[in-house]
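An overview of the molecular structure
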Amino acid sequence: MKKDIILAGVGGQGILSIAACIGMAALEEGMDLKQAEVHGMSQRGGAVQSHLRISTEKIASDLIPEGKADIVIAVEPMESLRYIPMLQSNGWIITSINPYNNIKDYPDIELLLKEIWKQPHYVTLDADAMSKDCGSVKAANMVILGAAAPFLGLKPESIEIAVAKIFADKGEDVIQLNLKALRSGRAYTMKNI
Amino acid sequence: MEKLLLLGDEAIAQAGIDAGMSGIYAYPGTPSTEIMEYVQASEEAKANAIRSIWSANEKTAMETALGMSYAGKRAMVCMKHVGLNVAADAFINAAITGANGGLLVVAADDPSMHSSQNEQDSRFYGKFALIPILEPSSQQEAYNMVVYGFQLSEEMRIPVMLRITTRLAHSRTGIKRMEARQQNELRLSSNLRQFILLPSIARKQYRELLNKQTQFEAASLASDFNHFYEHPNTKLGIVACGLAYNYLIENFDQHQVPYPLLKIGQYPLPLDLMDKLYEQCDEILILEDGYPIIEELLRGMLNKGKKIRGRMDGSLPRDGELSPVIVGQALGISQSAGGKVPELVKNRPPRLCDGCGHTDAFLALNEVLLDYGRGRVFSDIGCYTLSALEPLESINSCVDMGASITMAIGAADAGLVPAVAAIGDSTFTHSGMTGLLDAINNSSPITILILDNSTTGMTGGQTSSAYGKVEDICKGLGVSEEHIHVIKPLHKYHDENVEIIRRELAYEGVSVIIPRRECIQTLNRKMRQKAKLKVLETK
Ligand SMILES: Cc1ncc(C[n+]2csc(CCOP(=O)(O)OP(=O)(O)O)c2C)c(N)n1
Ligand code: SF4
C-alpha cells in the first residue's frame, strides 16, 4: 500500500496539523513515511504545500514526482486547483469550498467550484460550517482530514489516536472538538461517494 | 526504541543531544532554524544543561562553538548557507587551528531559493577550508552523521561540516535513536599553542592540515556513507550525492538501478571508487543537488576525457534543485505528467500580515518620500523586505544582512541625499551596528529606520539579540540623542510619524527612527503559550 498525498492551503490554515496526523497514524501502523514541508517565506498568507508519502515499502524521494499524487487534500478551493499538475489522472481532490481571499484578483468562487467539479474525482465540502456545527470553526482542517480519511488506506482508529496525540497538550476539550470534526468529515464522504 | 517523527533539522538536533554535545550556537535562517529550536524545547537538553542561546550572528556563533571545542567539549554550530559567508573568517581559520572537542558545522543550503537570495553550495566552503564534509541522503542518515561527525572531528582533530538542503531539513520521517552518550569533561588541548594563529604557528598548522588530507580521504573510502553498487550495465556510471540518490532510485522499479552507482555521503571524494567507476563505464552522469562541483572536477578545464554528463552539458538544468522527474529525464526515462493548472488560479505571494507594524512605518515613509522622489530606500533582509512588493513598493535594495545602512552611506557619498536605510532589529544587531558606526564617523546625511518588532519575524519569531537595547546601542555608537526617535507605527499616529520622518530626512546628519510595535505573530504565539500553560496547570 502506498499513497502519495499533496496537502495545500494558505499559510496559517493548519495543513501541517493534517500532515502530522496522517504521518503519526502511518507510523502507528508501522509504515514508512516522508513528509516534505515548506517553511519560511511562504508562511505569511502565501500558498503553502506539503508532500506526504506513506507506504508499506521503503520510500525513496521526499518529493512526489509530478503526475503521481493519489490525492490532493486542500483547505482552500483555489489552492486545490494549483496542484493539478501533481495529480495522477484518476486521483482525488478533497477540498473545502471556503475561499481565503487575501489577494486582489481572487477568482469568482462559483467558477472555482465549477472548475473543481470538472475533475474526474472530488469531494467538496463546507468545512467551516461543519466545523462550526462541531463547536468551533477552528477545526475546519480536521473536517477536511476526516473527509480525506477514507482514501488514505489507514485504519480509522489509527487516525483518531493520532489526532488525540497531536492535540494532547491543548486539553481534553480541544481533543474532543477535533475528533468530532474528524468524524463529521468522514461521515460526509461516506454518504456522498 | 520507538521511532520519533522528526524533521531533518530535528533529527540533527536530537542526534546532537544524544551524541553528548554541550552547546549549540546559531543565528536563525531558513532552512536551519529548527535545529536550535528543537534543542531549546527539549527537556533532555535542559536536564543535561546543553547551552542553546541564539547568537547575534553566524560569525559569533561559529567562534563561540570554537571556544567550546577549545575547552574540549562538543559543540554544534548551525546556519543557513549565506550565514557561512558571515562566519567564513572564523570557519576557514578554524580549519587551521583544528578542533579539540568535537566541532560540527551544519550548513543548510537552499537550492531553488525557496527563501533565500542565492543558492550557493556550502560544499565549496568545506572544500576551501580543506575539511571533511558529510552530506546525508535521508533524515536517518543525517542523525547518524551527527554522531559519526563528532567522532571524526575528535579523532582527526578537525571541524567537520554537515551539509544539508531544504528538502532534507524540512521533511519529516521516522527516526531511530542511538544510545545517548555522556558529555565530554573539560579538557584543554595538550598543545596550548594550537589555537594561536601567529604566522610561525599557522604555517605549521596549515602544513598539518594539508598532511591530514590523506587521512580524510582514507576515512571517506572506509565510510559507510559512501557506497559503490556493482550493477551490470556499464554503458553509464552514476555518481549520486546526498538527496540526489533518492531522486535517482525513485525512477526504478523496486529501486533497482541497472548502472554502476557510486553513492556519495562523505567528502573528500573517495578517489579509488571514483576511479573504479570511471574505468568501468562508458559515460558518467553526476547528480549533485547544488553546484556542479564534482562534475567540474571530473571534466577538467578542457573536458577531453570520457563524456561527463550533468548540469554543465545540459543533461540537468544548470540551476535549481533536482527532483525525481528531472533526474529521470536525464536518464531518458519517460515521466508522467499531470494536468495543467487552470487559468483561473492566481498567484498568492507571501506578504506582510494584516495589521503588521511594518506596513504603518512604510506608509509614513512613502508619504514623506513623495517630496524627494523614489529610489532612495536601502533595505535589509526580514519581513519588511516584503514592502518591495505591491501595494507598498517602498524599498529599492535587499542584498545581504546589514547592507542597508552601508549602502545608504555610499549612495549619500555619491550625492543621493537624503538616503534612507530600513533595517530590522535582529538584522541591526546581526550586522548593522558596525555600519552605523561608519555612518557616524562619516557624518553621513542618512536616516535609518530600525524597524523594531521585538523579534526575528521572518524566520518565525526567535528572540532578537537587540531586544530592549536598540536606543542604547545607537547612543553608544554616537548618534546624538535629539536625532533618535521612537515612534509607534499605528494608523492613528500616522500624521505625527510623517512629521518626525520629514524632519529627520531634512537633517543633514545621521538620524535614527525606531518604529516599535511587537510582531503580531509573535504576540499571538506568546498568548497561545500562556493559554497552554493554563491548561497544564489545571490538569
Ligand atoms: C546571513 C544571513 N543569516 C540569516 C538570514 C535569514 N534571515 C533573513 S531575515 C532574518 C531576520 C529578520 O529579523 P529582523 O531584522 O528583526 O526583521 P523582521 O523579520 O522581524 O521584520 C533572518 C534571520 C539571512 N538571510 N542571511
Ligand atoms: S510575521 Fe510579524 S513582522 Fe512579519 S509580517 Fe507578520 S506581523 Fe509583520
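Preceding this section is the structure that the text describes.
Residues numbered from 1 in each chain as written. Chains lettered and ligands numbered in written order. Predicted model: local features only at pLDDT ≥ 70, side-chain atom pairs only at ≥ 80, totals over all residues. Heavy atoms only, no water.

Here we take up the site of ligand 1. All names here are of chain B. Within the structure, ligand 1 sits among 26 residues, and Glu58, His358, Thr427, Asn453 and Gly457 are positioned closest to it. Asn453 places a side-chain nitrogen or oxygen 2.8 Å from an oxygen atom of ligand 1. Within the backbone of Thr455, an N or O atom sits 3.0 Å from an oxygen atom of ligand 1. Relative to its unbound accessible area of 580 Å², ligand 1 is 97% covered by the protein chains. Within the residue set of the shell around ligand 1, elements represented by two or more residues are α5 (81-97) and α16 (425-431). Partitioned by chemical class, the residues of the shell around ligand 1 number nine nonpolar, 14 polar and three charged. For the shell around ligand 1, the two domains that each supply at least three residues are domain 1 (4-181 + 195-222) and domain 3 (357-523). (Near = heavy atom within 4 Å. Polar contact = N/O pair within 3.5 Å; in protein donor to acceptor, adjacent residues only side chain to side chain. Areas by Shrake-Rupley, 256 points an atom, 1.4 Å probe, with all protein chains shown as cover. Helix = DSSP H or I, 4+ residues; strand = E, 2+ residues; numbered from the N terminus. Nonpolar A, V, L, I, M, F, W, Y, C, P; charged D, E, K, R; others polar. Domains from an automatic or database assignment.)

Attention now goes to the pattern of salt bridges. Following the criterion strictly, the structure yields 37 salt bridges over all chains and no others. The closest approach of N and O atoms between Arg53 of chain A and Glu250 of chain B, which form a salt bridge, is 2.8 Å. One end of the pair, Arg53 of chain A, is in strand β3 (residues 47-55); the other, Glu250 of chain B, is in helix α10 (residues 244-250), on a second chain. Like Arg53 of chain A, the residue Glu250 of chain B is buried in the burial classification. (Salt bridge = Lys/Arg side-chain N within 4 Å of Asp/Glu carboxyl O. Buried < 20%, exposed > 50% of the residue type's maximum accessible area, 1.4 Å probe, protein only.)

Attention now goes to the interface of chain A and chain B. Contacts between the two partners involve 52 residues from chain A and, on the opposite side, 48 residues from chain B. Summed over both sides, the interface of chain A with chain B buries roughly 4300 Å², with 57% coming from carbon and sulfur. Across the contact surface, chain A and chain B share five salt bridges. Across the pair Arg348 of chain B and Glu76 of chain A runs a salt bridge, and its minimum N-O distance is 3.2 Å. (Contact = heavy atoms within 4.5 Å. Buried area = accessible area lost by both parts, 1.4 Å probe.)

Let us now look at the packing of aromatic side chains. Residue and element names in this part refer to chain B. One pass over the structure, following the stated rule, counts six aromatic pairs over all chains. Look at Tyr70 and Phe195: their rings are 4.9 Å apart centre to centre, the planes differ by 65 degrees, and that puts the pair in the edge-to-face class. Within this pair, whereas Tyr70 is found in helix α4 (residues 58-70), its partner Phe195 is found in the loop between β7 (171-175) and α9 (199-222), the two being separated by 125 residues in sequence. Positioned above the aromatic ring of Tyr245 is the side chain of Lys263, whose terminal nitrogen or guanidinium carbon lies 5.2 Å from the ring centre. Across the ring face of Tyr278, the terminal group of Lys306 is positioned such that the distance to the ring centre comes to 5.0 Å. (Phe/Tyr/Trp six-rings, centres within 6.5 Å; stacked < 30°, edge-to-face > 60°. Lys NZ or Arg CZ within 6 Å of the ring centre and 35° of its normal.)

A few words on the site of ligand 2. Arg44 of chain A together with Leu352, Cys353, Cys356, His358, Cys383, Asn453, Cys519, Ile520 and Gln521 of chain B make up every residue found near ligand 2. Flanking ligand 2 are residues from chains A and B. Given that more than half its atoms are within 2 Å of the pocket grid, ligand 2 belongs to the largest cavity. For the shell around ligand 2, the residue count by class is six nonpolar, three polar and one charged. (1 Å grid on protein atoms, 1.4 Å probe; cavity = no way out; pocket = protein on both sides within 12 Å on 5 of 7 lines; lining within 4 Å. Sits in = over half its atoms within 2 Å of the grid points.)

Turning our eyes to something else, we now look at the sheet that holds strand β2 (residues 32-37) of chain A. As summarised here, the arrangement of the eight strands in space is β6(A)-β5(A)-β4(A)-β1(A)-β3(A)-β2(A)-β7(B)-β1(B), forming an open sheet in which the pairing is mixed. Only two strands of the sheet have a single neighbouring strand rather than two, namely β6 (122-125) of chain A together with β1 (4-7) of chain B. With direction set aside, neighbouring strand axes in the sheet form an average angle of 20 degrees. Judged from the five bridges that link them, strand β4 (residues 69-74) of chain A and strand β5 (residues 87-96) of chain A form a sheet pairing that is parallel. Directly across from Ala74 of chain A, in β5 of chain A, lies its bridge partner Thr95 of chain A. Seen against the sheet, helix α1 (residues 8-18) of chain B touches β1 and β7 of chain B and runs at an angle of roughly 110 degrees to β1 of chain B. (Pairing = 2+ DSSP bridges. Axes fitted to C-alpha atoms, helices over the stretch in contact; angles between N-to-C directions.)

This part covers helix α7 (residues 139-156) of chain B. Side chains that are three or four residues apart share a direction in an α-helix, a result of its 3.6 residues per turn. Residues and elements named next belong to chain B. Its 18 residues place the ends of α7 25 Å apart at the C-alpha level, agreeing with the 26 Å of an ideal helix rising 1.5 Å per residue. Most of α7 is tucked away, with 13 of its 18 residues classed as buried. In the segment just after α7, Arg157 is the residue with positive phi, at about 55 degrees. (Expected span 1.5 Å × (residues − 1).)

With that settled, consider the packing of α5 of chain B against α9 of chain B. The relative placement of two packed helices is expressed as an angle between their axes plus a distance between the axes. Residues and elements named next belong to chain B. At a minimum axis separation of 7 Å, α5 and α9 run at an interaxial angle of 85 degrees. Relative to α9, the element α5 lies roughly perpendicular. Of the residues in α9, those touching α5 at Ala95, Ile96 and Thr97 are Ala202, Gln205, Tyr206 and Leu209. Looking at the contact of α5 with α9 residue by residue, the class counts come to five nonpolar, two polar and no charged. (Parallel < 35°, antiparallel > 145°, perpendicular 65-115°, else oblique.)

Next up on the list: empty space enclosed by the protein. Evaluation of the coordinates by the stated rule reveals five cavities of 30 Å³ or more. The space that makes up the largest cavity amounts to roughly 80 Å³. The wall of the largest cavity is formed by Arg44 of chain A together with Cys353, Cys356, His358, Cys383, Asn453, Cys519, Ile520 and Gln521 of chain B. Here the lining of the largest cavity is built from residues that sort into five nonpolar, three polar and one charged. (Points joined across faces, edges and corners; volume = space filled by probe spheres on them.)

Let us now look at unusual backbone geometry. Across the chain, the bulk of peptide bonds are trans and the bulk of non-glycine residues have phi less than zero. Residues and elements named next belong to chain B. Across the junction of Thr30 and Pro31, the peptide omega takes the value 5 degrees, indicating a cis bond. For the bond running from Tyr267 to Pro268, omega is 5 degrees, close enough to zero to count as cis. Within the element layout of this structure, Pro268 appears in the loop between β11 (266-267) and α11 (271-280). Of note in the backbone geometry, Met113 takes a positive phi value of approximately 50 degrees without being a glycine. Relative to the helices and strands, Met113 is located in the loop between β4 (103-109) and α6 (122-129). Phi is positive for Arg157, which is not a glycine, with a value near 55 degrees. Structurally, Arg157 is set in the loop between α7 and β6 (160-165). By relative accessible area, Arg157 is classed as partly exposed at 27%.

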